[in-house]
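Overview (structure and organization)
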Amino acid sequence: NGGGGGPSSAGYGAIAIVDAFDNPNAASDVAVFNAKWPLAATTFTKIYANGNGSCKAPPPDKGWALEESLDIEWAHVFAPKAAIILVEACSNSNGDLFYAEQVAFNYIVTNYPAGGQVSNSWQGGEFSGQIADDPLFADWNYVGATGYKTHILAFASSGDGGFEGATTGYPSGNPWVISAGGTSVLRDSATKKFVSEACWGGSGGGTSSQETYATSFTGGNMGPWADFQYPIFGQNQRRTPDLSSNADPASGVYVYSGYNGGWFIVGGTSLSSPSLASIVNRAGNALGSVFQTPVTSGFDWFNTEENNLLYAQLATAKAYNSNFYDVKTGSSGTSAVASYDLCTGVGSPRGLLGK
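So, a few notes on the structure that sits alongside this text. This is a predicted model, so every value here is computed, not measured. (Residues numbered from 1 in each chain as written. Predicted model: local features only at pLDDT ≥ 70, side-chain atom pairs only at ≥ 80, totals over all residues. Heavy atoms only, no water.)

1. Observations concerning the nonpolar core
Note the cut-off: Here, the term nonpolar core denotes a set of buried Ala, Val, Leu, Ile, Met, Phe, Trp, Tyr and Cys residues that are joined through side-chain atoms within 4.5 Å. Classification of residues uses two cut-offs on accessible area relative to the type maximum, computed with a 1.4 Å probe and protein chains only: under 20% is buried, over 50% is exposed, and between them is partly exposed. The way it works is that DSSP assigns letters per residue, a run of H or I at least four long becomes a helix, a run of E at least two long becomes a strand, and they are numbered from the N terminus.
By size, the foremost hydrophobic cluster in this structure holds 68 residues, and its most contacted members are Val18, Ile85, Val87, Val118 and Phe137. Ranked by the residues each element gives to this core, the list is headed by helix H3 (residues 94-111), at eight residues. Listed in part, the nine residues of the second largest apolar core include Leu39, Val77, Val266 and Leu271.

Have a look at this one:
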């Protein structure tokens, strides 16, 4: 806290939000939200992802407008210095949303050399051939022209339907993505002080039917380039989620949406994704998916750097319990347990270290 009633000034680069349809009030919504708490003004830009010819301007939609207000406001909360870029797809089809993802990454590469994050508070089901789309969510697919120096991470909601079993949502199950699960924040009924976090019953998670283990680079899949879950599951399918944050509507957050008529209390893993993107931005490690070292003469190593960091701490004697809240109670159809589980992943953030 910076002493002014809101979080201290922090953040870098940009956080891009990918959503569908238009929120006509997006810029004014975040201004009203900031004034309420107070928060620093947002450097805000709205972009139509219409270069694929699907529309001239995305049509307005009240449901997506509320989603967009949630995303831009809570992406701003923990990293007020990061610019917020709202990228609006022409529709909620995979084709339009995946095109908007490319617009988001390219916009950060072109305008914010420090890099940042891309948050996706949406998902569909897995599908045959999704491996070919996995690189759309990885910065190595975009930053070759800048010498692989612009690091960008993608986040995606794990879903609000609870345990998914032998499948995951997409893009949540993409190994280049940080899959955002959900917790319930439990408080003392009298004092309102924090008591604990539990697995939120709606938190999505499961075992991918598509992202299997490969030993030759495919651009997707689990493999030597994405082996963050190897110590737990071996040479096996991708599991979700990776990291979690408050998502229970019963412990939800305030969101202002002028197009919908005012203030709302909102939850869901739609909240987790931008919140975690903002927390990781605030931590400032600026990780991406390319690691270079002089000993290789600039040879590029593609790897899942952020998930590598998150999962590496599970085995530590001190860092894990200092840096994460290990959620051990609650169920989404599968129970939360010590260490990793298919409801909350490695847990929820505790401070900025290890993020």
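Having seen it, we continue.
2. Regarding the packing of aromatic side chains
As a reminder, the rule being used: Whether two aromatic rings pair depends on their centres lying within 6.5 Å, for rings of Phe, Tyr and Trp, where Trp uses its six-membered ring; planes under 30 degrees apart make the pair stacked, over 60 edge-to-face, and the rest tilted.
Under the criterion given, the structure shown has 27 aromatic pairs. Summarising the aromatic geometry, the rings of Phe105 and Tyr142 are spaced 4.7 Å apart at their centres and angled 10 degrees between planes, so their arrangement reads as stacked. In this pair, Phe105 sits in helix H3 while Tyr142 sits in the loop between strand E5 (124-125) and strand E6 (152-157), placing the two residues 37 residues apart along the sequence. Tyr142 shares its class with Phe105; the two are buried.

3. Examining helix H2 (residues 62-77)
Each turn of an α-helix holds 3.6 residues, which means side chains three or four residues apart point in the same direction. Convention followed: To estimate how far a helix should reach, multiply one less than its number of residues by 1.5 Å. Identification of polar contacts relies on pairs of N or O atoms within 3.5 Å, with a donor-acceptor requirement for protein atoms, meaning one able to donate a hydrogen and the other able to accept it, and with residues adjacent in sequence counted only if both atoms are side-chain atoms.
If you check H2, its first and last C-alpha atoms are 23 Å apart, about what 16 residues at 1.5 Å a residue would give, namely 22 Å. For H2, the capping residue at the N-terminal end is Asp61, with a side-chain oxygen 3.1 Å from the backbone nitrogen of Gly63.

4. As for the sheet that holds strand E11 (residues 205-207)
Note the following rule: Strand pairing is assigned whenever DSSP identifies at least 2 bridges connecting the two strands.
Spatial strand order, E7-E11-E12: three strands in an open sheet with mixed pairing. Strands at the two margins of the open sheet, each flanked by one partner only, are strand E7 (163-165) and strand E12 (239-240). Pairing between E7 and E11: two bridges, direction parallel. For Phe163, the partnering residue across the bridge sits in E11 and is Gly205.

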